Amino acid sequence: MSDTQTLIENRPPSLAALFFERVAATPDREAYRYPAPGPDGSEEWRALTWSAAAERVEAIAAGLVDLGIRPEERVALASSTRLEWVLADLGILCAGAATTTVYPQTNAEESVFILGDSGSRLLIAENAEQLAKARGHRAELPGISHVVVIDPEGAEPTPDDPDGWILTLAELERRGAAKLAKDPQLIRKIVDGVTADQLATLIYTSGTTGRPKGVRLLQDSWSYMAKAIVATGLIGPDDILYLWLPLAHVFGKVLISGQIEAGHVTAVDGRVDKIIDNLPVVQPTYMAAVPRIFEKVYNGVAAKAREGGPAKYKIFQWAAEVAREYGKATQDNFRRTGKTSAPFALTAKHRVADTLVYSKLRDAFGGRMRACISGSAALAPEIGFFFSGAGVHILEGYGLTESSAASFVNPGESYRTGTVGKPLAGTEVRIADDGEVLLRGPGIMEGYHGMPEQTKEVLEDDGWLHTGDIGELSVDGFLRITDRKKDLIKTSGGKYISPAEVEGQFKAVCPYVSNILVLGGGRNFCSALISLDEEAIMKWAGENGLAGKTYAQVVADSATVGLIEGHVRELNEHLQRWEKIRQFRLLPRDLDIEHGELTPSLKLKRPVVEAEFARLIDDMYAGSREA
């Protein structure tokens, strides 16, 4: 048996057990960093050791037990990404209970559905806003015995609240500490009794249509993920993770598991508007993000270069092309020879471009970034090659909520842009006759909560999960996802098109795009709905005679349409005849979570967008004939 197999197969039954193993091994090492108000009112980063974290986690767990929470009962957690989210989740697991994750952006109606459908017994709410969603529908949630509020300002109990229904997280921890004073080993005994097949997490998929489905992930899923991630060799005890991803999403949550096994530092701050400011302060060695973040960074760098004038922008465009060439050349050479080298002339150009452009980009990421992990959606290869050549290595991975997030990841130095890497040790993969990717392993869900028929549709009796994604496996085991099975479109001429591939290519050639939806199913040509990045296009507008106009006015202006039309022509030069975008429309606003057009992990809900902008789609195809 290999060392990797031994590491994975000799795993504890739960993440809670793994957490206490970590605390025992490195009690005085730093576990978490988090922002907090300093003595002078300014913000500062504070540290929490593993032993200090364990003290709070045990207090939360004992507090939950004191409130009547029993093994496998669900405790809902509605909060943005912050230290308390991590501690509360671990507290729930150490009480033997299961966490129901709720995005803080989820509206009241859907939040109530999730709380009710999951059978959650208690809600941990971040603030008054999250409390209000449950308080306004208390009659529909008789199972919620208490609400624990993290930030109590404005969330005080009212005369209409049942006595003791609301308490603060600090009060919960004090109750737990008092209980532990009487029985110091209470939580350790509960954790010792947790078995691998008990429910640990209930995550509701955001879905594109209908009600979300609750994915049941067992205790063993997270213990396996922790061991398998560290077995890749991508992270170690001296790393620093900058964690900002939503922890209600499986991608964010799996990072906690890997960190506990590795024992490294995690800096936690979910405020997206603070990412640029935080990176030089935290100086992380790795970070995980969704492709949209890397697209925004790329567009931001391009916009900044453009602001510097035509000469500076021309230098950026040259450097960007050199980066792509260099990224492709070094990856190809590593595949053949095991060495990351490039031809002499290209290397010479790369040195100059590095001084002028790439070094500044690496500094913006904190200067110590070894790699970034990209997941949740496809990263446009041209964006990936740009960052590769610039020395910010983006390792794409792949997984689903139903597979505990991490099923594939690119292997460090030998990564291949455009693929999602190789399967984690212990995870099996096969490609069905129709190209669908099937997965099997310890990370696969138990099923959908209370939905046996829907579970049977995707989970075979022998454990194979139908992912719904179409993919190709290379001879040496690298997986390339080509599209969602249901998202492939077939034109009226019988040609199959992958919208995601076309959309990804457009994001690489157009620095102003925010979202793009390629259409053409059952039609005689392809079209696109395009929304623009407000910050980038408004800067352009100010420099091109459109200053003072609103975003909607700018995107409706013929000059803006002409600008984007030029990028569409550039895209079409690289497409097959039947893939070319013959018509497009600019949307009057960007797509967002609030309108239901994006999931919380920033995936497009295609049916929602098509329904919302049906008039524009009809207009593009009005009177159309074969082109």
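On a predicted model such as this, the values are computed, not experimentally measured, just so you know.

**Structural notes on the packing of helix α14 (residues 344-364) against helix α15 (residues 381-390)**
When two helices pack together, their arrangement is given by the angle between the helix axes and by the axis-to-axis distance.
Step number 1: It is at 9 Å that the axes of α14 and α15 come closest, and there the two elements cross at 105 degrees. In terms of their interaxial angle, α14 and α15 are classed as roughly perpendicular. From α14, H350, Y358, L361 and R362 reach across to α15, where they touch F386, F387, G389 and A390.
Step number 2: Tallied by class, the residues present in the contact of α14 with α15 amount to five nonpolar, two polar and one charged.

**A short note on the pattern of salt bridges**
Step number 1: Applying the stated criterion to the full structure yields 41 salt bridges.
Step number 2: Salt-bridge contacts for E73 lead to R121; the nearest nitrogen and oxygen are separated by 2.7 Å. Of the two residues, E73 is situated in the loop between α3 (50-66) and β3 (74-78) and R121 in the loop between α5 (108-118) and β5 (122-125); the sequence distance between them amounts to 48 residues.
Step number 3: Relative accessible area serves as the criterion here: at 23%, E73 is assigned to the partly exposed category.
Step number 4: Assessed through its relative accessible area of 24%, R121 is described here as partly exposed.
Step number 5: A salt bridge links R480 to E472; the shortest N-O distance between them is 3.6 Å.
Step number 6: On the basis of relative accessibility, which here comes to 31%, the residue R480 falls in the partly exposed class.
Step number 7: Residues joined by salt bridges that share partners form a network here, namely R292, E295, K296, K507 and D533.

**Concerning the pairing of strand β17 (residues 428-431)**
Step number 1: Bridge count for β17 against strand β18 (residues 436-440) is four bridges, and the pairing is antiparallel. Note on β18: the bridge partner recorded for R430 is L438.
Step number 2: In sequence, β17 turns back onto β18 through a hairpin of four residues, with G435 there showing a positive phi of about 90 degrees.

**Digging into a nonpolar patch on the surface**
Step number 1: A cluster of nonpolar residues, I315, W318, V352 and L356, forms a patch on the protein surface that exposes about 330 Å² of accessible area.
Step number 2: Every element with two or more residues in the nonpolar patch is listed here: α13 (310-337) and α14.
Step number 3: Position of L356 among the secondary structure elements: in helix α14.

**Digging into the sheet that holds β5**
Step number 1: Strand order in the open sheet made by the eight strands is β7-β6-β5-β3-β4-β8-β9-β19, with mixed pairing throughout. Only two strands of the sheet have a single partner each, and these edge strands are β7 (166-168) and β19 (447-448).
Step number 2: With three bridges connecting them, strand β4 (residues 98-102) and strand β8 (residues 199-204) associate as parallel partners. Bridge pairing links T101 to I203 in β8.
Step number 3: Contacting β3, β5, β6 (146-149) and β7, helix α6 (residues 128-135) runs over the sheet at an angle of about 150 degrees to β5.

**Observations regarding the packing of aromatic side chains**
Step number 1: Evaluation of the coordinates by the stated rule reveals 13 aromatic pairs.
Step number 2: Measuring from centroid to centroid gives 6.0 Å for Y298 and F316, while their planes differ by 50 degrees, and the two rings are tilted. Here Y298 is found in helix α12 (residues 291-307), whereas its partner F316 is found in helix α13, with 18 residues between them in sequence.
Step number 3: A residue is classified by how much of its surface remains accessible, and Y298, at 6% relative accessible area, is buried.
Step number 4: Ring pairing ties together the aromatic residues F294, Y298, Y313, F316, F365, F386 and F387, which thus form one cluster.
Step number 5: Taking NZ or CZ as reference, R523 lies 4.2 Å from the ring centre of Y621, over its face.

**Digging into α13**
Step number 1: Spanning 28 residues, α13 covers 40 Å between terminal C-alpha atoms, matching the ideal 40 Å at 1.5 Å per step.
Step number 2: Downstream of α13 by one or two residues, G338 has phi in the positive range, about 85 degrees.

**Re the sheet that holds strand β26 (residues 581-586)**
Step number 1: If you trace the three strands from one edge of the open sheet to the other, you get β24-β25-β26, paired in mixed fashion. This sheet does not close on itself; its edge strands, each paired only once, are β24 (513-519) and β26. For this sheet, the mean angle separating the axes of adjacent strands, direction not counted, is 25 degrees.
Step number 2: Most of the contacts of helix α17 (residues 499-509) go to β24, to which it runs at about 150 degrees, and overall it touches β24, β25 (526-532) and β26.
Step number 3: Where helix α20 (residues 558-572) meets the sheet, it contacts β25 and β26, and its direction lies at approximately 150 degrees from that of β26.

**Topic: the side chain of K253**
Step number 1: Relative to the assigned elements, K253 resides in helix α10 (residues 250-262).
Step number 2: Once residues within four sequence positions are removed from consideration, K253 is found in contact with W85, D89, L93, T201, W222 and L247.

**Remarks on unusual backbone geometry**
Step number 1: In this structure, E72 is a non-glycine residue whose phi angle is positive, near 70 degrees.
Step number 2: Mapping E72 onto the fold places it in the loop between α3 and β3.
Step number 3: Residue E72 is classed as partly exposed on the basis of its relative accessible area, which comes to 31%.
Step number 4: The phi dihedral of A405 is positive, around 85 degrees, even though this residue is not glycine.
Step number 5: As for its placement among the helices and strands, A405 is situated in the loop between β14 (394-398) and β15 (408-409).

**Brief notes about α14**
Step number 1: Taking 1.5 Å of rise per residue, the 21 residues of α14 would be expected to cover 30 Å, and the 28 Å separating its terminal C-alpha atoms lies within 8% of that figure.
Step number 2: In the structure, α14 departs most strongly from a straight axis at D354, where the bend amounts to approximately 60 degrees.
Step number 3: Listing the buried residues of α14 in full gives L346, T347, H350, A353, D354, V357, Y358 and L361.
Step number 4: Where the residues of α14 are buried, they touch α12, α13 and α15.

**Some thoughts on the side chain of E597**
Step number 1: Along the chain, E597 turns up in the loop between β26 and α21 (606-612).
Step number 2: Apart from residues lying up to four places away in sequence, E597 is in contact with R589, D590, L591, D592, K603, L604, K605, V608, V609, E612 and F613.

**Quick look at the packing of helix α2 (residues 15-25) against helix α4 (residues 83-94)**
Step number 1: Between α2 and α4, whose axes approach to 8 Å, the crossing angle comes to 115 degrees. Relative to α4, the element α2 is oriented roughly perpendicular. Of the two elements, α2 crosses α4, and the hand of that crossing is left-handed. Residues L15, A16, F19 and F20 of α2 pack against L90, L93 and C94 of α4.
Step number 2: Tallied by class, the residues present in the contact of α2 with α4 amount to seven nonpolar, no polar and no charged.

**Digging into the pairing of β14**
Step number 1: Within β14, five of the five residues are buried, leaving the element largely enclosed by the surrounding structure.
Step number 2: The alternating pattern of β14 places I394, E396 and Y398 and L395 and G397 on opposite faces, both of which are buried.
Step number 3: Here strand β13 (residues 371-374) pairs with β14 via three bridges, running parallel. Each bridged residue has a counterpart across the sheet, and for I373 the counterpart in β14 is L395.
Step number 4: Once you follow β13 into α15 and on to β14, the crossover reads as right-handed.
Step number 5: As paired strands, β14 and β15 are joined by two bridges and run antiparallel to one another.

Cut-offs used in this document
- Residues numbered from 1 in each chain as written.
- Predicted model: local features only at pLDDT ≥ 70, side-chain atom pairs only at ≥ 80, totals over all residues.
- Heavy atoms only, no water.
- Axes fitted to C-alpha atoms, helices over the stretch in contact; angles between N-to-C directions.
- Helix = DSSP H or I, 4+ residues; strand = E, 2+ residues; numbered from the N terminus.
- Parallel < 35°, antiparallel > 145°, perpendicular 65-115°, else oblique.
- Contact = heavy atoms within 4.5 Å.
- Nonpolar A, V, L, I, M, F, W, Y, C, P; charged D, E, K, R; others polar.
- Salt bridge = Lys/Arg side-chain N within 4 Å of Asp/Glu carboxyl O.
- Buried < 20%, exposed > 50% of the residue type's maximum accessible area, 1.4 Å probe, protein only.
- Pairing = 2+ DSSP bridges.
- Patch = residues over 30% accessible without salt bridge, like charges linked within 9 Å, V, L, I, M, F, W, Y side chains within 5 Å.
- Areas by Shrake-Rupley, 256 points an atom, 1.4 Å probe, with all protein chains shown as cover.
- Phe/Tyr/Trp six-rings, centres within 6.5 Å; stacked < 30°, edge-to-face > 60°.
- Lys NZ or Arg CZ within 6 Å of the ring centre and 35° of its normal.
- Expected span 1.5 Å × (residues − 1).
- Bend = angle between axes of the 7 residues up to and from the residue.
- Left-handed = near helix turned anticlockwise from the far one by under 90°.
- Right-handed = clockwise from strand over helix to strand, strands pointing away.

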